[in-house]
Amino acid sequence: MFSLVTSNLSFSYKDSNTISNVDLKVESGQVLVILGPNGIGKSTLINCLSGVFNNYHGSIKLDGDELKKISSKELSHKLALVSQGVNINTNLSLFDYLLLGRSSFHSIFSQPNKIDEELVDKVIDRIGLDDLRSTSLQNMSGGQKQLASIGRALVQEPKLLIMDEPTSALDYKNQVKVLKLVKRLSDQGIAVVMSTHDPNQATMVASNVGLLMSRETYHQGSTEEILNDEYLSKLYQTPIISTFNEVLQRNVFGIGMG
Ligand SMILES: Nc1ncnc2c1ncn2[C@@H]1O[C@H](COP(=O)(O)OP(=O)(O)OP(=O)(O)O)[C@@H](O)[C@H]1O
């Protein structure tokens, strides 16, 4: 069972903590969705969890090992990160950009092989960008680039996939595509952590939800326990009203105006 567990995790850019005392846990086959208002620290937390920031306090254990002690090569075989608002401006084709994601699996003397190329083609199909296989990234739309960055993470075949607002630039069809992908990955035993501004996405894919209520308070629990109007209205400081949708057979969250 693969796991990511933090205890007393805190991080500060300057003097005061941006996130404090975060106790978070996600295991193989689970999807942890992180919700919180703008500027509360979701990206900061995600950058700590994925090893981008290693000057954190407290502990982050990846499969029992302290994250900051794991080499970057080993880390790239265990976890993959999809950063927020990726704006990739390379003239590499989609195929070559994704193939580059396999480089940590080879020494400097060996080239990506047929198996890598087949994997890349499979991922291009999964993200639905077959028509853009030879198109350079700099000629793609924001949403297409976001899908490409998800593809780049998938070619790493990670045990843990961490995504910061992975659907922020996507239309409804592509949002559903990514959410279905998340479901499928978790069914295959991969652990997923993702942040979003849409609690409805949490009802669709999450096994657990983490709320960054303030710089001092992170609250994690099951979807049923956490996703209610009271918690969400407090979180976003605006009325959130849920209704049960008979067709969808789930609660749908809407925003009130007063
Ligand atoms: N490099 C930095 N140096 C100093 N402060 C930063 C830096 N990056 C972010 N911050 C501050 O840290 C806080 C948390 O930012 P973060 O980007 O983690 O929030 P977020 O919850 O992801 O926000 P959003 O939903 O708007 O993307 C904010 O107050 C932000 O201004």
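Scroll up to find the structure.
Let me begin by describing the structure that accompanies this report. One numbering rule holds for all chains: residues counted from 1, following each sequence as written. Only residues with pLDDT of at least 70 get local features here, since the model is predicted, and only at 80 or more are side-chain atom pairs given and counted; chain-wide, interface and lining totals rely on the full set of residues. As a rule here, side-chain values come from all non-hydrogen atoms in the structure, and water together with hydrogens is ignored.

**Re the environment of Asn-208**
At step 1: Residue placement: Asn-208 occurs in strand S10 (residues 208-212).
At step 2: Partly exposed residues are those whose accessible area sits between 20% and 50% of the maximum for their type, while under 20% is buried and over 50% is exposed, using a 1.4 Å probe and protein chains only. Asn-208 gets classed as buried once you look at its relative accessible area, which sits at 15%.
At step 3: With 160 residues separating them in the primary sequence, Asn-208 and Cys-48 have C-alpha atoms 19 Å apart.
At step 4: Once you skip the residues sitting within four places of it in the chain, Asn-208 turns out to touch Gln-30, Val-31, Leu-32, Val-33, Gln-220, Gly-221, Ser-222 and Thr-223. Secondary structure elements follow DSSP: runs of H or I of four or more residues count as helices, runs of E of two or more count as strands, with numbering from the N terminus. Contacts between residues were defined by any pair of non-hydrogen atoms, one from each residue, lying within 4.5 Å.

**Describing the sheet that holds strand S7 (residues 79-82)**
At step 1: Any two strands are treated as partners once DSSP identifies two or more bridges connecting them. Strand order in the open sheet formed by six strands is S7-S8-S9-S4-S10-S11, with mixed pairing between adjacent strands. A single partner strand is all that each edge strand has here, and the edge strands are S7 and strand S11 (218-222). Each strand axis lies, on average, 15 degrees off the axis of its neighbour in the sheet, ignoring direction.
At step 2: The pairing of S10 with S11 spans five bridges and is classified as antiparallel. The residue bridging Val-209 from the neighbouring strand is Gly-221, located in S11.
At step 3: Inter-axis angles, ranging from 0 to 180 degrees, are taken between N-to-C directions of lines fitted to C-alpha atoms, where helices are fitted over the stretch in contact. Sitting on the sheet, helix H6 (residues 172-187) touches strand S4 (31-35), strand S8 (160-164) and strand S9 (191-195), and the angle it makes with S9 is about 150 degrees.

**Things to note about the pattern of salt bridges**
At step 1: Salt bridges are identified by distance alone: a Lys or Arg side-chain nitrogen within 4 Å of an Asp or Glu carboxyl oxygen. If you walk through the whole model with that rule in mind, you get five salt bridges.
At step 2: As a salt-bridge pair, Arg-102 and Glu-157 come within 3.8 Å of each other at their nearest N and O atoms. Of this pair, Arg-102 sits in the loop between helix H3 (94-100) and helix H4 (114-126) while Glu-157 is found in the loop between helix H5 (142-154) and S8, placing the two residues 55 residues apart along the sequence.
At step 3: The partner of Asp-121 in a salt bridge is Arg-133, with the nearest N and O atoms 2.7 Å apart. In this pair, Asp-121 sits in helix H4 while Arg-133 sits in the loop between H4 and H5, placing the two residues twelve residues apart along the sequence.
At step 4: Under the relative-accessibility criterion, Asp-121 is labelled partly exposed at 30%.
At step 5: Given a relative accessible area of 32%, Arg-133 falls into the partly exposed group.
At step 6: What emerges from the salt-bridge pattern is a single network uniting Arg-102, Asp-116 and Glu-157.

**What to know about the nonpolar core**
Most often, soluble globular proteins keep nonpolar side chains buried together rather than apart.
At step 1: Ranked by internal contacts, the top residues of the largest apolar core, which has 49 residues, are Leu-35, Leu-161 and Leu-232.
At step 2: For Leu-161, the contacting residues outside a window of four places in its chain are Ala-80, Val-82, Ala-153, Leu-154, Leu-185, Ile-190, Ala-191, Val-192 and Val-193.
At step 3: Within this scheme, the nonpolar core is defined by two criteria: the residues are buried Ala, Val, Leu, Ile, Met, Phe, Trp, Tyr or Cys, and they are joined through side-chain atoms within 4.5 Å. Counting 29 residues, the second-largest nonpolar core is a separate cluster that includes Phe-11, Ile-19, Ile-46 and Phe-53.

**Here's the deal with the packing of aromatic side chains**
At step 1: By convention, a stacked pair of Phe, Tyr or Trp rings (six-membered ring in the case of Trp) has centres within 6.5 Å and planes under 30 degrees apart, an edge-to-face pair has planes over 60 apart, and any other such pair is tilted. Scanning all chains against the criterion turns up three aromatic pairs.
At step 2: Taking 5.0 Å as the distance between ring centres and 85 degrees as the angle between the ring planes, the aromatic pair formed by Phe-11 and Tyr-13 counts as edge-to-face.
At step 3: On the basis of relative accessibility, which here comes to 3%, the residue Phe-11 falls in the buried class.
At step 4: Here Tyr-13 falls in the partly exposed class, since its relative accessible area comes to 48%.
At step 5: Arranged with centres 4.7 Å apart and planes meeting at 10 degrees, the rings of Phe-11 and Phe-53 form a pair that is stacked. Taken together, the residues span a long stretch of sequence, with Phe-11 in strand S1 (residues 3-11) and Phe-53 in the loop between helix H1 (42-49) and strand S5 (57-62) at a distance of 42 residues.
At step 6: Members of the aromatic cluster, joined through ring pairs, are Phe-11, Tyr-13 and Phe-53.
At step 7: Here, over-ring charges are defined by two tests on the NZ atom of lysine or the CZ atom of arginine: distance to the ring centre within 6 Å, and angle to the ring normal within 35 degrees. A cation sits over an aromatic face here: Arg-133 above Phe-95, 4.3 Å from the ring centre.
At step 8: Over the face of the ring belonging to Tyr-97 we find Arg-152, whose NZ or CZ atom lies 4.6 Å from the ring centre.

**Details of the site of the ligand**
At step 1: Close to the ligand lie 14 residues; Gly-39, Lys-42, Ser-43, Thr-44 and Arg-215 are nearest.
At step 2: Relative to its unbound accessible surface of 640 Å², the ligand loses 61% to contact with the protein.
At step 3: Its residues placed into classes, the shell around the ligand shows three nonpolar, eight polar and three charged. Throughout, near means a residue has at least one heavy atom within 4 Å of the molecule or strand. Each accessible area value is a Shrake-Rupley result obtained with a 1.4 Å probe; residue values ignore everything except the protein chains displayed when judging cover. All residues other than Ala, Val, Leu, Ile, Met, Phe, Trp, Tyr, Cys, Pro, Asp, Glu, Lys and Arg, Gly among them, are scored as polar; the first ten of these are nonpolar and the last four charged.

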